[in-house]
Amino acid sequence: MADENRQDGGGGPKDGDGIRTFPFPVDLSLLGVGMQVGPLGAGRTWHAHAPLHRVHRIDFHVVMLFTGGPVRHMVDFAEYEATAGDLLWIRPGQVHRFSPDSEYRGTVLTMQPGFLPRATVEATGLYRYDLPPLLRPDAARLAGLAASLDQLRREYEDATTLPLSLHTAVLRHTLSAFLLRLAHLAVSSAQEAHQGPAPGDTTFTLFRDAVERGFAANHSVSAYADALGYSRRTLVRAVRAATGQTPKGFIDKRVVLEAKRLLAHTDMPIGRVGAAVGFPDAANFSKFFQQHTDQTPAAFRAELR
């Protein structure tokens, strides 16, 4: 399909070798703006060909605010159960799957990367993959989020009052207001669960982003520290304060996640999976994977098939 990408982590796209990645469907958005917001329900989709009940990737953001439940949804090998008042935030590149046995009711927001300016992206933590996908706001926060999302939906559906340029500008501002509320909830939830850094921790943020860009080729803490201009000791303190992990542990966790994605959802040979995450030697990859999962790559793949 023309609007469908396949990613195999190396060697180029080949049929049967990659996790299907679906781009933001601009053609389904009112006036072609870089976002959509509307009801969740039977038959609701954001892509004509997206296999909602099979694992796939998307290259845009999805936020679902549920008014019913329970709903079970898989995001990167973790099963989340959401109910009325919960939100689920899925970020670009995450592997996920809808449950065919769950009734999805509520409101869904999708957003194309690049729709918001960089300053807003940073302020709202759009690419904070360390934050939990499932969020459970208290009554006061839920009321604020729901009101903000309702306002965004009204602005989105009002396609006649303003010229397109002003309509888009209003959407960006209204979307930013909602995402700032959502980001505050996500950071607060992570802090309460001792999973995330305090806002404004630039050292960890830079390290996290560098790992996301380079984990497939660079597993060296010292190399990241040198590239970012920090001492190894400074990096260790920042990452431990933010995540409770060492920098090496943080890198290894990201490598294992990508290896699991490729093993579970592609037909790539195990040696190629290892090469795609920085292990040219298949034996070293198997040793690394087993050390972190207590399973060989072959056993992990077989268990899921």
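Anyway, here's the lowdown on the structure attached to this text. Being a predicted model, the structure only gives us computed values, none of them experimental.

If the charged atoms of two oppositely charged side chains come close together, the side chains can form a pair. As enumerated under the stated definition, the model contains 14 salt bridges in all. Put simply, Arg261 and Asp76 hold a salt bridge, and the shortest N to O gap is 2.6 Å. With Arg261 in helix α7 (residues 247-265) and Asp76 in the loop between β6 (71-75) and β7 (78-82), the pair connects residues that are 185 residues apart, well separated along the chain. Residue class for Arg261 comes out buried when judged on its relative accessible area of 3%. For Glu122, the salt bridge identified is with Arg118, shortest N-O distance 3.1 Å.

Once that is clear, we can look at the packing of aromatic side chains. For the structure shown, the criterion picks out 12 aromatic pairs. On the numbers, 6.0 Å between centres and 65° between planes, the contact of Phe77 with Phe300 is edge-to-face. Of this pair, Phe77 sits in the loop between β6 and β7 while Phe300 sits in helix α10 (residues 297-303); the two residues are 223 residues apart in sequence, bridging distant segments of the chain. Ring centres of Phe279 and Phe285 lie 6.0 Å apart, and the angle between their planes is 50°; on these two criteria the pair is classed as tilted. According to the relative accessible area criterion, Phe279 is buried, its value standing at 12%. What makes Phe285 buried here is its relative accessible area of 0%. Taken together, the ring pairs connect Phe77, Phe279, Phe285, Phe288, Phe289 and Phe300 into an aromatic cluster. Sitting over the ring of Phe115, Arg172 keeps its end group 4.8 Å from the ring centre.

What follows is about the side chain of Thr203. Summarising the element assignment, Thr203 is placed in helix α4 (residues 202-214). Given a relative accessible area of 14%, Thr203 falls into the buried group. Once residues within four sequence positions are removed from consideration, Thr203 is found in contact with Tyr230, Thr234, Leu235 and Ala238.

Taken together, the side chains of Leu30, Leu31 and Leu164 make up a nonpolar region of the molecular surface, amounting to roughly 260 Å² of accessible area. Its location among the elements puts Leu164 in helix α3 (residues 164-192). What makes Leu164 partly exposed here is its relative accessible area of 45%.

Here the focus is the packing of helix α2 (residues 139-157) against α3. At a closest axis distance of 9 Å, the pairing of α2 and α3 adopts a crossing angle of 160°. By the angle between their directions, the pair α2 and α3 is classed as roughly antiparallel. Taken as a pair, α2 and α3 cross one another with a handedness that is left-handed. Facing α2, whose interface residues are Arg141, Gly144, Leu145, Ser148, Leu149, Gln151, Leu152, Glu155 and Tyr156, α3 presents His167, Val170, Leu171, Thr174, Leu175, Ala177, Phe178, Arg181, Leu182, His184, Leu185 and Ser188. Residues that form the contact of α2 with α3 fall into these classes: 11 nonpolar, 7 polar and 3 charged.

Now for the sheet that holds strand β11 (residues 134-135). Spatially, the 5 strands line up as an open sheet ordered β3-β10-β5-β8-β11, and their pairing is antiparallel. Of all the strands in the sheet, the pair left with one neighbour each is β3 (35-40) and β11. In the packing of α2 onto the sheet, contacts are made with β3, β5 (61-66), β8 (87-90) and β10 (106-111), and the angle to β3 comes to roughly 115°. Against the sheet, α3 touches β3, β5, β8, β10 and β11, its axis set at about 105° to β8.

Tracing the backbone through its elements, the reader meets Arg57 in strand β4 (residues 56-58). Polar contacts involving the side chain of Arg57 include one to the main-chain carbonyl oxygen of Gly93, which spans 2.9 Å.

Thresholds applied
- Residues numbered from 1 in each chain as written.
- Predicted model: local features only at pLDDT ≥ 70, side-chain atom pairs only at ≥ 80, totals over all residues.
- Heavy atoms only, no water.
- Salt bridge = Lys/Arg side-chain N within 4 Å of Asp/Glu carboxyl O.
- Helix = DSSP H or I, 4+ residues; strand = E, 2+ residues; numbered from the N terminus.
- Buried < 20%, exposed > 50% of the residue type's maximum accessible area, 1.4 Å probe, protein only.
- Phe/Tyr/Trp six-rings, centres within 6.5 Å; stacked < 30°, edge-to-face > 60°.
- Lys NZ or Arg CZ within 6 Å of the ring centre and 35° of its normal.
- Contact = heavy atoms within 4.5 Å.
- Patch = residues over 30% accessible without salt bridge, like charges linked within 9 Å, V, L, I, M, F, W, Y side chains within 5 Å.
- Areas by Shrake-Rupley, 256 points an atom, 1.4 Å probe, with all protein chains shown as cover.
- Axes fitted to C-alpha atoms, helices over the stretch in contact; angles between N-to-C directions.
- Parallel < 35°, antiparallel > 145°, perpendicular 65-115°, else oblique.
- Left-handed = near helix turned anticlockwise from the far one by under 90°.
- Nonpolar A, V, L, I, M, F, W, Y, C, P; charged D, E, K, R; others polar.
- Pairing = 2+ DSSP bridges.
- Polar contact = N/O pair within 3.5 Å; in protein donor to acceptor, adjacent residues only side chain to side chain.

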